[in-house]
Amino acid sequence: MRSERYIPYVLVLPSVVFLLFLFAWPLLEALLLSVRNSSGWTLEHFQRMAADLYFKDALKYTLLLTLTIVPLQVGLALGMALLLGSIAKGRDLFLYVWTIPLGISDLAAGIVWLAIFTERGYLNSFLQAVGVIQQPQLWLSYETPWMIFLAVVAAEVWRATAIVFVILVAGLQLIPKEYGEAAEVFGATPWQRFWKVTLPLLRPSLQVALILRTILALEVFAVVVALGGRNLPVLAGEAYYWYNAYQNPGVAAAYAVLILGISVAATLLYLRLMRTKQEAVG
Amino acid sequence: MAGIRVENIEKSFGKFKALSGVSLEVRDQEFVVLLGPSGCGKTTLLRIIAGLEQADRGRVWIGEREVSGLPPRSRRVAMVFQNYAVFPHLTVFENIAFGLRMQKAPAEKIKAKVEQAATLMHIENLLGRYPAQLSGGQRQRVAVARALAVEPEVLLMDEPLSNLDALLRLEMRAELKRLLAESRTTTLYVTHDQVEAMSLADRIAVMNAGQIVQYDQPMKVYQEPANTFVGGFIGSPPMNFLRLPVEGQQARLASLVLALPSEVSGAEVLLGVRPEDFEVYTDQRPQSFPAEVLVVEPLGPHLLLTLRFGEQLLKATVPPDFAVRPGQTIWLKPQPGRLRWLEPTSGQALTAR
């Protein structure tokens, strides 16, 4: 039947239209917004962004958060995924418990950790109860941005390690167990087996997890807002304040484009550094 | 180089008893095949010897060392896996070198050993390639070369040819035989293919339901099966088992009277005869019995006849130019030296001659 050749196209059309309308078009609009003003093409928004008091801190903290959170999450998730592999009984229980945070929104996660770190929160109550401190301590103030930073790291690691974990568990399950067994028979210690066999074979999954988590970490916003407001400025937060508080979509768009630029650069870097050898692709 | 000795190995998976007290000795430089149907425990036994599986009970020696508690890496064995398990992220060279790298061998030694093993397996021109660029047969060669390169005390092979197509399997079989005859590496080889077992083995250990039922040279196992299982499993078509009435020290086959090797307690006895061990005539001869031809199958080198003797069916092979058609009655003369007598209830052979 001749007409059947069109069916796949008809079936993918709604999703393509949806994506074009809600992603591609806004993306293009944001790009244009950042490089245009009422009189035409300009770099004014980027200059204004760069000259802003918060810009350097926002860039610094965003990159620092990403560089701290992503390795922590990947390391933790890898450890958890490997541990899960050697659990025979109750494996599903661990799997489900470890993936519970997947179901929690980032703002909710931020509020949960705020409830811990706030002046009358769980941490202070606990420390007071055991007698470590006499007065409630102010943990999350503008005077101690490093404390806010650590709280954000804790909240993000708690919230989003699960997604890396799920990707790596799936990746580990794809590796036939004969490879590990062959390595064992040919004299590899557990440590050598991990470095020489498991890790290289897990590379595609690691790449996916790293790219995904890095992009999401560069966009970190809700957790930061909940825990520190603007006391810990980040790029996505600045975009939000410029758009909402300052009513300046141009500079907001410039921040958004900057995040996009860094994300693309990071992704390309991962793809290049972790390139699966062309020959090895079946 | 070393022999292998296992004693009273028992292993269960949940409620399934995979091995129930298996003992086996492989002599130094011997090629032993573990042969049996799937689920008989042959691969489990091999994996216990490799250390990839822990036995519930029993002990394993390689050479003079008891290795029962040791991890695989300390057992000085090499293994060829059924699906090859050639590392996809390493070149052929690095795959073959893997075991030597783990031993931290010096670079010149690694290069020399890898090239030697690769040359033996005729893959010296593929050393720079990745497994994805190789055919199944070539990957198989890499897997064998990787095992040979470490010059193991003992070589374990788990159905190494079963993933190859028929023609390639035939070629690799002969090549393996040549190779291992040269290197004289002690080898334990698992297969469910009786032809492979017959062709390769110095001795065959036939396994069934978690036990070794016979352990002997291939021709002995073929001609003098220990029980009906071995006779039926080895040989294609399998051995015929005719149920015959017993009269004193003799069994009666139609008008034929055959001497039994020993006293039989029951009223009946089983006669095991291979299909090729009949002389077949179209007219009545002395020392023969009549049977009706049901089916004639021309198979090229011979005709396969399905025959009826009383209520029992049997198979016989005759030369391809033998003139016979269904419905005809023919006379079969069993070759006296090739008869096997078995006890009908237990299926065990009466005596080993």
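Parameters at a glance
Residues numbered from 1 in each chain as written. Chains lettered and ligands numbered in written order. Predicted model: local features only at pLDDT ≥ 70, side-chain atom pairs only at ≥ 80, totals over all residues. Heavy atoms only, no water. Helix = DSSP H or I, 4+ residues; strand = E, 2+ residues; numbered from the N terminus. Buried < 20%, exposed > 50% of the residue type's maximum accessible area, 1.4 Å probe, protein only. Areas by Shrake-Rupley, 256 points an atom, 1.4 Å probe, with all protein chains shown as cover. Lys, Arg positive; Asp, Glu negative; His and termini not counted. Charge placed at Lys NZ, Arg CZ, Asp CG, Glu CD. Domains from an automatic or database assignment. Buried area = accessible area lost by both parts, 1.4 Å probe. Salt bridge = Lys/Arg side-chain N within 4 Å of Asp/Glu carboxyl O. Polar contact = N/O pair within 3.5 Å; in protein donor to acceptor, adjacent residues only side chain to side chain. Contact = heavy atoms within 4.5 Å. Nonpolar A, V, L, I, M, F, W, Y, C, P; charged D, E, K, R; others polar. pLDDT = per-residue confidence, 0-100. Pairing = 2+ DSSP bridges. Axes fitted to C-alpha atoms, helices over the stretch in contact; angles between N-to-C directions. Left-handed = near helix turned anticlockwise from the far one by under 90°. Patch = residues over 30% accessible without salt bridge, like charges linked within 9 Å, V, L, I, M, F, W, Y side chains within 5 Å. Core = buried A, V, L, I, M, F, W, Y, C linked by side-chain atoms within 4.5 Å.

J.: An account of the overall build of chain A is requested, with residue identities and associated values reported.
T.: Scanning chain A from N- to C-terminus turns up 13 helices and two strands. Considered along the principal axes of its C-alpha atoms, chain A spans approximately 75 × 65 × 35 Å. Every one of the 282 residues in chain A was classed for burial, and the buried ones make up 41%. For chain A, the exposed surface amounts to about 16,300 Å²; the carbon and sulfur share of it is 68%. Treating the 19 positive side-chain charges of chain A as one cloud and the 16 negative ones as another, the clouds have centres 7 Å apart.

J.: I'd like a rundown of the domain arrangement of chain B, residues and numbers included.
T.: All names here are of chain B. We note that the domain assignment places domain 1 (4-232) and domain 2 (237-342) within chain B. Using C-alpha coordinates to define each centre, domain 1 is positioned 39 Å away from domain 2. Taken over both partners, the interface formed by domain 1 and domain 2 buries close to 800 Å², and the fraction arising from carbon and sulfur atoms is 53%. The largest per-residue losses of area from domain 1 upon contact with domain 2 belong to Tyr222, Gln223 and Thr228, which jointly make up 52% of the total buried on that side. Where domain 1 touches domain 2, the interface holds zero salt bridges. At the junction of domain 1 and domain 2, the tally comes to five residue pairs in polar contact (both at pLDDT 80 or more). At the level of elements, helix H7 (218-223) and helix H8 (228-233) are the ones that each hand at least two residues to the side of domain 1 that touches domain 2.

J.: Describe the interface of chain A and chain B, naming the residues involved and giving the relevant values.
T.: Taken together, the 22 residues of chain A in the interface contact 24 residues of chain B. Buried surface at the junction of chain A and chain B, summed over both partners, amounts to about 2,200 Å²; 70% is from carbon and sulfur atoms. Linking chain A to chain B there are one salt bridge. A salt bridge links Glu181 of chain A to Arg47 of chain B, with the shortest nitrogen-to-oxygen separation between them at 2.7 Å. Counting the contacts that link chain A with chain B gives three residue pairs in polar contact (both at pLDDT 80 or more). Of the residues that constitute the side of chain A that touches chain B, the class distribution is 12 nonpolar, four polar and six charged.

J.: Can you explain the confidence of the model for chain A? Please cite residues and give values.
T.: In this model, chain A carries a mean pLDDT of 89, and residues with pLDDT of at least 70 account for 96%. For residues 278-282 of chain A, every residue scores under 50 in pLDDT, and the model assigns this stretch nine contacts once sequence neighbours within four places are set aside.

J.: Got a sec to walk through helix H1 (residues 42-50) of chain B? Specific residues and values, please.
T.: Note that an α-helix has 3.6 residues per turn; residues three or four places apart therefore point the same way. Most of H1 of chain B sits inside the fold, with eight of its nine residues counted as buried. Downstream of H1 of chain B by a residue or two, Gly51 of chain B has a phi angle that is positive, lying close to 90°.

J.: Give me the lowdown on the pairing of strand S3 (residues 31-35) of chain B, citing residues and values where you can.
T.: All names here are of chain B. Counting buried positions over the five residues of S3 gives five, a clear majority of the element. Every second residue of S3 is oriented toward a common face, with Phe31, Val33 and Leu35 on one face and Val32 and Leu34 on the other, all of them buried. Across five bridges, the pairing between S3 and strand S8 (residues 186-191) is parallel. The residue of S8 that forms the bridge with Val33 is Tyr189. Direction of pairing for S3 relative to strand S9 (residues 203-208): parallel, over a ladder of four bridges. Bridge pairing links Leu35 to Val206 in S9.

J.: Could you give an account of the packing of helix H3 (residues 55-85) of chain A against helix H10 (residues 203-218) of chain A, naming the residues involved and the relevant values?
T.: Residue and element names in this part refer to chain A. Packing of H3 against H10 leaves a shortest axis separation of 9 Å and a crossing angle of 145°. H3 and H10 meet at a crossing whose hand is right-handed. Counting all contacts with H3, which are made through Thr62, Leu63, Thr66, Ile69, Val70, Gln73 and Val74, the residues of H10 involved are Leu206, Leu210, Arg213, Thr214, Ala217 and Leu218. When its residues are assigned to classes, the contact of H3 with H10 shows eight nonpolar, four polar and one charged.

J.: So what's going on with the sheet that holds strand S20 (residues 340-342) of chain B? Which residues, and what values?
T.: All names here are of chain B. Read across the open sheet, the five strands follow the order S13-S12-S11-S14-S20; overall the sheet is antiparallel. Looking at which strands have only one partner, the edges of the open sheet turn out to be strand S13 (256-259) and S20. Each adjacent strand pair in this sheet contributes to an overall mean axis angle of 40°, direction not counted.

J.: Break down the domain arrangement of chain A for me, citing the residues and quoting the values.
T.: All names here are of chain A. As assigned here, chain A comprises domain 1 (1-42) and domain 2 (52-107 + 161-277). For domain 1 and domain 2, the distance between their C-alpha centres works out to 28 Å. Here domain 1 meets domain 2 over a buried area of about 400 Å², counting both sides, of which 88% is carbon and sulfur. Of all residues in domain 1, the largest losses of buried area upon contact with domain 2 belong to Leu31, Leu33 and Ser34, amounting jointly to 74% of the total for that side. Linking domain 1 with domain 2 are zero salt bridges, by the criterion used here. Seen at the junction of domain 1 and domain 2, the total is zero residue pairs in polar contact (both at pLDDT 80 or more).

J.: An account of the side chain of Thr186 of chain B is requested, with residue identities and associated values reported.
T.: Here Thr186 of chain B shows up in strand S8. At a separation of 2.7 Å, a polar atom in the side chain of Thr186 of chain B contacts the main-chain carbonyl oxygen of Ala2 of chain B.

J.: So what's going on with a nonpolar patch on the surface? Which residues, and what values?
T.: Residues and elements named next belong to chain A. Taken together, Leu27, Leu28, Leu31, Leu260, Val264, Leu268 and Leu271 make up a surface patch of nonpolar side chains, about 590 Å² in accessible area. Within the residue set of the nonpolar patch, elements represented by two or more residues are helix H1 (7-35) and helix H13 (249-273). With four residues, the top contributor of residues to the nonpolar patch is H13. Residue class for Leu31 comes out partly exposed when judged on its relative accessible area of 35%.

J.: Tell me about the nonpolar core, and please be specific about residues and values.
T.: Residue and element names in this part refer to chain B. The biggest cluster of nonpolar side chains holds 115 residues, and the ones touching the most others in it are Leu45, Ile96, Phe98, Ile123, Leu156 and Leu188. Once residues within four sequence positions are removed from consideration, Leu156 is found in contact with Ile4, Leu46, Ile49, Ala50, Val77, Ala78, Met79, Val80 and Leu188. One finds Phe309, Phe322, Leu332 and Trp341 within the second-largest nonpolar core, a separate group that totals 30 residues.

J.: Describe the pattern of salt bridges, and please don't skip the residues or the numbers.
T.: All chains considered together, the criterion is met by 30 salt bridges over all chains. A salt bridge links Glu238 of chain A to Arg230 of chain A; its shortest N-O distance comes to 2.6 Å. Each of the two residues, Glu238 of chain A as well as Arg230 of chain A, counts as buried. Its salt-bridge partner being Arg101 of chain B, residue Glu94 of chain B comes within 2.7 Å of it at the nearest N-O pair. Among the residues examined, Glu94 of chain B registers a relative accessible area of 23% and is labelled partly exposed.

J.: Got a sec to walk through the environment of Met274 of chain A? Specific residues and values, please.
T.: All names here are of chain A. Structurally, the position occupied by Met274 is in the segment after H13. Each C-alpha atom, one on Met274 and one on Ala183, is 23 Å from the other, the two residues being 91 residues apart in sequence. In contact with Met274, not counting residues within four places along its chain, are Arg203, Leu206, Gln207 and Leu210.

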